[in-house]
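Chain and residue survey
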Amino acid sequence: MDMSYKTTSYTHKSIESYWQNVWAQEQSSHNRVYKGKKYILDMFPYPSGAGLHVGHPRGYIGTDVLSRYYRSCGYEVLHPIGWDSFGLPAENYAIKTGVHPALSTKENIENYRRQLKMIGLSYDWKNEFATSDPSYYKWTQWMFGLLYKKGLAYRKSAKVNWCPGCQTVLANEQVKEGKCERSNDIVEQKKLEQWFFKITDYAERLLNDLDELDWPESIRQAQKNWIGKSIGHEIEFESHAGSITVFTTRLETLFGVTYLVLAPEHSLVEELTAETSKESVNKYREYVKKRTDLQRQEDQEKKTGVFLGSYAIHPLTKNKIPIWISDYVLQDYGTGAVMAVPAHDERDYFFASTFSLPIQEVIDGVEKLPRIGEGTMIHSDFVNGLSCKEAREKIALRCNAKSKVIYRLRDWLVSRQRYWGCPIPIMYDERGNIHLVPESDLPVVLPNDVDFKPTGESPLKRSSTFHTILEKKGWYRESDTMDTFVCSSWYFLRFVDPHNVTAPFNKDKVNAWLPVDVYVGGAEHAVLHLLFSRFFTKVLYDYGYISFKEPFLKLRNQGLIIAEDGRKMSKSHGNVVNPDEVVNEVGADTFRVYEMFMGPFEDAMPWSTKNIIGSRRFIEKVWKVLVQTPSSKTAPHVKTTIHKTIQKVTNDIENFQFNTAISALMICTNEIARTSGIEVEDKMIMCQLLYPFAPHVSSEIWKLLGMTENIAYASWPRPDAEYLQESTVTIAIQVNGKTKGTVTIAKDATQEDAVEEAQKFLGKKPINYRSIVFVPHRIINFII
Ligand code: ANZ
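Section: the sheet that holds strand 17 (residues 426–428)
- With antiparallel pairing, the 3 strands of this open sheet are ordered in space as 18-17-19. At either margin of the open sheet sits one strand with a lone partner, and together these are strand 18 (434–436) and strand 19 (476–477).
- Note that strand 17 and strand 18 share 3 bridges and pair antiparallel. Opposite Ile-426, over in strand 18, you have Leu-436 as the bridge partner.
- Across the face of the sheet, helix 5 (residues 134–149) comes into contact with strand 17 and strand 18 while running at roughly 125° to strand 18.

Re the site of the ligand
- In the neighbourhood of the ligand, 18 residues make up the surrounding shell, with Ser-230, Thr-248, Leu-330, Tyr-333 and Arg-408 lying closest.
- Ser-230 is positioned such that a nitrogen or oxygen atom in its side chain is 2.4 Å from an oxygen atom of the ligand.
- Here an oxygen atom of the ligand sits 3.1 Å away from a polar atom, N or O, in the main chain of Thr-249.
- Counting only elements with at least two residues in the shell around the ligand, the list comes to strand 9 (242–248) and strand 13 (337–340).

What about the packing of aromatic side chains?
- Here the structure, examined in full by the defined rule, presents 50 aromatic pairs.
- Between the aromatic rings of Phe-129 and Tyr-136, the centroid separation amounts to 4.7 Å while the plane-to-plane angle is 15°, which identifies the pairing as stacked. Considered together, Phe-129 and Tyr-136 belong to a single accessibility category, that of buried residues.
- Taken together, the aromatic side chains of Phe-144, Tyr-148, Trp-195, Phe-197, Tyr-202, Trp-412, Phe-485, Phe-532, Phe-535 and Phe-536 make up a single cluster linked through ring pairs.
- Across the ring face of Phe-196, the terminal group of Lys-156 is positioned such that the distance to the ring centre comes to 4.9 Å.
- One Lys or Arg, Arg-556, reaches over the ring of Phe-656 and ends 5.8 Å from the middle of that ring.

Considerations on the sheet that holds strand 15 (residues 412–413)
- Taken together, 4 strands build an open sheet; the order of strands is 4-3-7-15 and the sheet is antiparallel. Each of the sheet's edge strands pairs with one partner strand only, and the pair in question is strand 4 (168–170) and strand 15.
- Pairing geometry for strand 7 (residues 188–197) and strand 15, over 2 bridges, is antiparallel. When the bridges of strand 15 are listed, Phe-196 appears paired with Leu-413.
- Each of strand 3 (153–163) and strand 7 touches helix 5; the most contacted strand, strand 7, lies at about 90° to it.

Cut-offs and rules
Each chain has its residues counted from 1, following the order in which its sequence is written. Totals for whole chains, interfaces and linings use all residues, but because this is a predicted model, local features are given only for residues with pLDDT of at least 70 and pairs of side-chain atoms are given and counted only at 80 or more. As a rule here, side-chain values cover all heavy atoms of the structure and leave hydrogens and water aside. Two strands form a pair only when DSSP identifies at least two bridges running between them. Put simply, DSSP marks the helices as runs of H or I at least four residues long and the strands as runs of E at least two long, and each gets a number from the N terminus on. Contacts are assigned to residue pairs with any non-hydrogen atoms lying within 4.5 Å of each other. An axis is simply a line fitted to the C-alpha atoms; with a helix, the fit covers only the stretch in contact. Between two such axes, the angle follows the N-to-C directions and lies from 0 to 180 degrees. We call a residue near a given molecule or strand whenever any one of its heavy atoms falls within 4 Å of it. The term polar contact refers here to a pair of N or O atoms within 3.5 Å; inside protein, the definition further demands a hydrogen-donor-capable atom paired with an acceptor-capable atom, and it admits residues adjacent in sequence only when both atoms are side-chain atoms. Any pair of Phe, Tyr and Trp rings, taking the six-membered ring for Trp, is counted once the centres come within 6.5 Å. Such a pair is stacked with planes under 30 degrees apart, edge-to-face with planes over 60 apart, and tilted for the rest. We call a residue buried when its accessible area falls under 20% of the maximum for its residue type, exposed when it is over 50%, and partly exposed in between, using a 1.4 Å probe and counting protein chains only. Note on geometry: a ring has a charge over it if NZ (lysine) or CZ (arginine) is within 6 Å of the ring centre and within 35 degrees of the ring normal.

This is the structure in structure tokens:
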């Protein structure tokens, strides 16, 4: 070892820039024999104009720790990154400033890339792409084509949220309390021709296959709720306009039905409306047109509605049942008609209370109404005294009710009347017939000559170049673009083969690398992104493009980093911490160690400027112990600690317990610092254990220790069973019987060894003592 390094001090700037240069120049592909493969993936970011704040990289650092660890263990690791670069913010920015989205996106990506490299993340940069690259979205269009050819993409007229102020369609998330998030105008419902993907065909499989996944329980539950499977019956009520079919999950409550409620849009409403009710019914239907499905399900106690002036016949009692309409009944759920049982259903109860309709109890119990739970049947003729389940079966038989399963999941509306998105590869002929753009004509390139200003129609309608379809007079292109969730529903497949020009990916490569072994991202993607990616995967599986049914085997969500003031970090609060400044000040390694050490990976944690200094001190101490202290024989009890630390760090990394791994490294470093020596082999072990967390400083120390090969290729240390056995004991140090502290010594330590260690603990100068009481394995007591 070159002893001149002994006095070298730790300077993060030169070390980090040196190693980042080395990594950038490395052409990887060491000829190694691999133990297997690991695909470790982050949810790729939308490159926003604000750049990264310190909350974003928490997940990226976690996956980087895993990637570096698995590489050291001998796995071939795929750890790619790219950009989910289509989307509204770039377009809105263009509307405001006139900067073309292509330009602002390019700049934002450059800034993100710089920031990620600055943190020392070991991405496979050669696999990078952006979803707005024509070489990528060509294949997004191909995916659309596949779905279209298989009958899974279709066009129909559908209600959309329309902002009259912005003259544009809004996503549900952009509607806040019925108003446009940006202009505050009252959002209307408008019917437009839209493209849909038939994800409902996959509802049952999307539900069942959740059980195979190593995902957080809360996320699996969120997916289940979103799919919303309901098992019930359809039953008919006769009326003068024909039979009205209702869907119910509680058929046993049939004797408790006191009225029917139809969705205001139900096809029988007109025929069922009596002359005297016409005016009020029409008025009410106009009112409902403005309400979103979300609003219709909100206001719990406030119910509105109108009596149609006509009646249906109860299938068993043959009583006359009044028919109402109300917006709490949704047109596209079940049959759009409900048998109302106000005694046992909350919504029906509030409705009946509002309009003073009769309430008939049919389930026994002491709780007050509405009594939602199950119990014994009463006032129910031939099912009295039975349980709900028994009653349900008996009534189903008696009135020939069909059992029926329905889902809350709706087909996925994928068209957007927006510019900055992937063009839908569809053309219309002069009669308006739909034609898929053939694969050989893909990509349908997004034109540059558009005016972004919102006018109420898709900006692409007004492009002069976009619709020139050679030799086909009167033909024009679809002007809507795709929801950006389409672009992100298959990107994890493209990463394996990003430069393929003849196919979206090579089948063998994808089957070799996928499913993704570990997927990490924010919990805000609990439903849509994950559900859509699972849907695409299943479609590609069904048509023989891939051999697996689920894309992400293991999923973890990184916890949010909140601001020091306890609030969410946001520009408007002025509490955002910029990683550029942190890295400049304390270094990327300290930043990484701090983000992994601050608490359990999945928990929300507040940023703390004070605590990050602790992480910096830790690295400085490691430097002191491994670089500035000459190597000498490691004491046996320190050996034990080091080998236990190998065991702990290894297990903790595999289990996403990065904080306790670092804590073990800190304890071990402190112990080494307290004792007299550490030999080169043990320095190397410490260096390797730290490497996934703090790769720059570890690479540097490794080099200073005289190693010529990059630490990245050194194989991960294994604990030695010989050292793991307890060879040490912790004894109390006393002075005149009063305990002053403890010290760890070898199990077979002599009294002299114990005195020496205890003296070291008590202070620099040896204390004078009259005599010593030494109880092996327990106490050393100095009598002075
Ligand atoms: C009678 C009844 C009695 C009901 C009772 C519930 C409790 P889930 O579980 O969410 O699927 N329903 C049916 N179609 C509806 C629609 N289009 N809009 C609003 N509500 C609708 O809920 C199924 C229940 O929701 C059905 O069972 C029906 O009310 C109502 F004690 O029928 B039930």
